[in-house]
Amino acid sequence: MDLRTTYASTKLEPFYASSGAIASVSEDGKLLATPVVDKINIVSLQEPRRILHSIETDDEQDITALQLTPDGEYLCFVSQAQLLRVYSLKEERVIRSMKVSSPVYVMACDETSTLLALGGTDGSVSVVDIEKGFVTHSLKGHGATISSVKFYGELNSETWKLGSGDTNGMVKVWDLVKRACQFTVQEHTTAVRGLDFRPVGGGDGEKVQLLSGGRDNIVNLYEFGKSQKKCKLLKTVPVNEQVESCGFTHEPEVFYCAGGGAVYQLVSLVSGKVVKQTRAPIEELFIIGTLPILHGTKQYLVFSDQTLFLIDIDEALSSDNSEYIEVEGKIAGNHGTIADIRFVGPNLDKLALATNSPTLRIIPTPLSRDPEEQGDQEEFPIEVSMYEQHTDLLNSLDATSDGMWVATASKDHTVVLWKYYRDLEEFFPYAKFVGHVGSVTAVGLPHVMPRQWPEFVLTASNDLTIKKWRVPKPAAAGSEEEGDQPLDEPIVVKTSEYTRRAHEKDINALSIAPNDSVFATASYDKTCKVWNLDDGEFLATLANHKRGLWDVAFCQYDKLLATCSGDKTIKIWSLDTYAVVKTLEGHTNAVQRCSFINKNKQLISTGADGLVILWDLSTGEAVKTLDAHNNRIWALAVMNDGESFVTADADGFFEFWRDNSEEEQERNMEQEKLKIEQEQSLQNYLAEGDWTNAFLLAMTLDHPMRLYNVLRRTINFSSEASDDSIVFNKEIDELVGKLDKDQILMLVKRCRDWNTNARTHTVAQKMIRCILLRQNIEELSEIPGLVRIVESIISYAERHYARVDNLVQDSYILDYALVQMGKLG
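Residues numbered from 1 in each chain as written. Predicted model: local features only at pLDDT ≥ 70, side-chain atom pairs only at ≥ 80, totals over all residues. Heavy atoms only, no water.

**Student:** So what's going on with the overall build of the chain? Residues and values would help.
**Tutor:** Scanning the chain for helices and strands turns up 10 helices and 57 strands. By the compact-globule yardstick of 28 Å for 825 residues, the chain is too spread out, its C-alpha radius of gyration being 36 Å. Each principal axis of the C-alpha distribution contributes one length, and for the chain these read about 130 × 85 × 45 Å. The buried share of the chain, taken over its 825 residues, is 53%. (Helix = DSSP H or I, 4+ residues; strand = E, 2+ residues; numbered from the N terminus. Rg over C-alpha atoms; globule rule 2.2 N^0.38 Å. Buried < 20%, exposed > 50% of the residue type's maximum accessible area, 1.4 Å probe, protein only.)

What follows is the structure, encoded as structure tokens:
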């Protein structure tokens, strides 16, 4: 029986998460720097998108601020250890580090990529020359934590300014040439988070305008000049949201701001009205920063959930088609806790995610690519499609076998059915099912679709009921007719075909039989129940688990049902007798998901222990345990009867698995064949007395006794035994002197093992002597781990010498006894 036992995996992990530092991007928009706790990733935003560098910090402290230079040459970052580091992307190493006086949470680089400004919590502002590595300015005057910094300079002039704002609302303008504070203004009542400069009056440096935005929901416009002693406040614009970023646009009378409302606004300086804005998300988020690229024509909006939206500012200002700014692209730094996943799309090359968010997320999957073209784990696309309709977190989802329909179940008590439109290459909400009085915890779509659209939806809820809903017939059901357009609003369905009280505790999962005749529900009340799908009549209760059930799955090819539970077991049930056929034990914690694969020969399960286990259903034994996750695996999606599958955990890590059992079997056969050939070659070398090749081949085979036998035979057949400078023979001794460090380390490890046995220690001692005679002692001492191995050899060597000394002493007694016996004779 052919079992799937070997899978190759590729990881997709969060590249922007768990850090207070805001991401940074190069001016050309080609490089993105993102923190993940104490690590920084440099991501290529060009196709193919991938991680170019992964920078680890030695102090293992969280990154507090980072900044890519506009030219993309350097990355500057500060951790909680208060150490500024400059990393060269060309040299791929930290070229400079220096201590800063206090924690730093804001940084900025000038447009020439020469100077870096750091704002400290002690109210000081430091300016550092990036290439030369010294502090050019140390500016003091703020009485609170610095919350924003911004450079302003005019090339080929002496006009170089630095703006700084603090958490008390104070803004200072520093003259970097004169090394002094030029202006101080106090027009904000809370932290100043946005600053920007622009020249006015022909750009001759006579007058400069300053824009400041604060968390007091206002943006102020100031003007100052060379001859002015004060910085004049020209206008205050209320923007009705906490400002985290603001700045001028190419349109002279329009500025942008973004922040607490998770809305990016283009606001008129003349009227104070919003010209255009992005759509407000349903989820409670906020924009923590904006990343201008291409001279400010485009910007990345950085949200609090570490997603980035790309917008085109110039296009938005020049277009009158809509009051909203359209998003060009979306990047997800992480997806949070993954609760459920399904393969979707017309080619099943996308993955739909139910996460700790109200938004349906859909990402590309590499499993549809050819393995040879797939590349390494960092070559995955990082873009994401996000669809909003729910108002609370998603609990689960399901998809039809063709991938064209997706149903999402939410804590907002509703289920939304999404339809994929080929022309638009996107999902749109088609119907919304409203009727549960509790969180909807599970949803199911039909497997059989004679009309190429799902005619019903099954739902289960924390209100302890199950419902069957009739799906309204699409206008162009099962066809690709032109004119089939998304609905303006989803059809609301408020009446279900039937409602049944199903369990005494929360219902965690729902599964429909392959022929759509029955369905099963798994509950935290330790039972699984089977129901008739057409009328909802109760058929059977499956009660044998000791704890609550997390999942239930039907077999595609037999009348079997699998349930998995918090009691660490999986049970296989017969649908004929409703009795337990087998109990699978092997997980060390709750089993979260299970699925039949390989035409009912096997079952795959995932658990809270982070393990993926492949089971042989004929014996009930685990045939393979895959350990690639560090947290509870909530989600499992299987494709092509187990040829590939995806697992996702509570940390947002994905593992894409592809069956390579046949390739592994062929590889093992080739290795076995090669091993046999090498064994024969070794015997030939020994028969011919070719000690050099015999020794090298025995080292390659990495088998201790074969190497031992080669060395033992060289001693027996050595013709140079009388020469004290020769240990084994001339060939082997010279070869030992030419071995590299790795070979020497391996050889000494073998000597350590041989030295523990009285029958083999002689060869070990000879090899140690040979190494010491033929190798450079100083170079040997530099090999990592070698000294420790030698120390372990010494203890056994002393024991062997002590035994030999005892034998010598015993021989004296024997000689004496023989002499005395001779005298008596």
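**Student:** If you had to explain the nonpolar core to someone new, which residues and values would you point to?
**Tutor:** Generally speaking, nonpolar side chains in soluble globular proteins are found buried as a group. Phe695, Leu711 and Met767 are the most contacted members of the largest nonpolar core, which totals 35 residues. Of all the secondary structure elements, the ones that give two or more residues to this core are α3 (661–688), α4 (691–701), α5 (704–716), α6 (730–737), α7 (741–755), α8 (761–774) and α10 (786–824). Tyr264, Ala316, Leu353 and Ala637 belong to the second-largest nonpolar core, a separate cluster that totals 32 residues. (Core = buried A, V, L, I, M, F, W, Y, C linked by side-chain atoms within 4.5 Å.)

**Student:** Can you break down the sheet that holds strand β48 (residues 560–565) residue by residue, with the values?
**Tutor:** Pairing in this open sheet of four strands is antiparallel, and the strands run β47-β48-β49-β50 from one edge to the other. A single partner strand is all that each edge strand has here, and the edge strands are β47 (549–554) and β50 (580–585). Strand-to-strand twist in this sheet, taken as the mean axis angle between neighbours without regard to direction, amounts to 20°. The pairing of β47 with β48 spans five bridges and is classified as antiparallel. Bridge pairing in β48 links Val552 to Thr563. (Pairing = 2+ DSSP bridges. Axes fitted to C-alpha atoms, helices over the stretch in contact; angles between N-to-C directions.)

**Student:** Let's hear about the UniProt feature "repeat: WD" (unreviewed entry) in the chain: which residues, and what values?
**Tutor:** Under the local residue numbering, the UniProt record ascribes the feature "repeat: WD" (unreviewed entry) to residues 139–176, 387–419, 500–541, 542–583, 584–625 and 626–667. Within the segment residues 387–419, helix and strand shares are 0% and 58% respectively, and the terminal C-alpha atoms sit 12 Å apart. (UniProt positions renumbered as here; feature names shortened; annotations may be inferred.)

**Student:** Please provide a residue-by-residue account of the pattern of salt bridges, values included.
**Tutor:** Summed over all chains, the structure comprises 26 salt bridges. A salt bridge links Asp305 to Arg361, with the shortest nitrogen-to-oxygen separation between them at 3.1 Å. Of this pair, Asp305 sits in the loop between β27 (298–303) and β28 (307–312) while Arg361 sits in strand β32 (residues 360–364), placing them 56 residues apart in sequence. Of the charged contacts in the structure, one is a salt bridge between Lys468 and Glu497, with a shortest N-O distance of 3.6 Å. Linking Lys468 in strand β40 (residues 465–470) with Glu497 in the loop between β41 (491–493) and β42 (498–501), this pair joins segments that are 29 residues apart in sequence. Accessibility expressed as a relative area gives 4% for Lys468, which makes it buried. Take Glu497: its relative accessible area is 38%, and that puts it in the partly exposed class. Shared partners join several salt bridges into a network, and the residues in it are Arg451, Glu455, Lys468, Arg470 and Glu497. (Salt bridge = Lys/Arg side-chain N within 4 Å of Asp/Glu carboxyl O.)

**Student:** Tell me about the packing of aromatic side chains, and name the residues and values.
**Tutor:** Scanning the entire structure with this criterion turns up 19 aromatic pairs. Ring geometry for Tyr421 against Phe428: centres 5.7 Å apart, planes inclined by 75°, an arrangement best described as edge-to-face. Owing to a relative accessible area of 6%, Tyr421 belongs among the buried residues under this scheme. Taken together, the ring pairs connect Tyr152, Phe183, Phe197 and Phe224 into an aromatic cluster. Looking at Lys330, its charged tip hangs above the ring of Phe309, at a distance of 5.1 Å from the centre. Lying across the ring of Phe456, Lys468 places its NZ or CZ 5.2 Å from the centre. (Phe/Tyr/Trp six-rings, centres within 6.5 Å; stacked < 30°, edge-to-face > 60°. Lys NZ or Arg CZ within 6 Å of the ring centre and 35° of its normal.)

**Student:** I'd like a rundown of the environment of Val275, residues and numbers included.
**Tutor:** The topology assignment puts Val275 in strand β25 (residues 274–277). For Val275, a relative accessible area of 41% translates into the label partly exposed. Separated by 21 residues in sequence, Val275 and Val254 have C-alpha atoms that sit 8.1 Å apart. Contacts of Val275, omitting those with residues within four sequence positions, involve Val254, Leu266, Val267, Ser268 and Glu323. (Contact = heavy atoms within 4.5 Å.)

**Student:** Requested: an account of the packing of α7 against α8, with residues and values cited.
**Tutor:** Their axes nearest at 8 Å, the elements α7 and α8 cross at an angle of 150°. In this view, α7 runs roughly antiparallel relative to α8, as classed from their interaxial angle. Helix-helix and strand crossings are classified by hand; for α7 and α8 the assignment is left-handed. Residues Ile744, Leu747, Val748, Cys751, Trp754 and Asn755 of α7 lie in contact with α8, whose contacting residues are His761, Val763, Ala764, Gln765, Met767, Ile768 and Ile771. Taken together, the residues of the contact of α7 with α8 break down into 10 nonpolar, three polar and no charged. (Parallel < 35°, antiparallel > 145°, perpendicular 65-115°, else oblique. Left-handed = near helix turned anticlockwise from the far one by under 90°. Nonpolar A, V, L, I, M, F, W, Y, C, P; charged D, E, K, R; others polar.)

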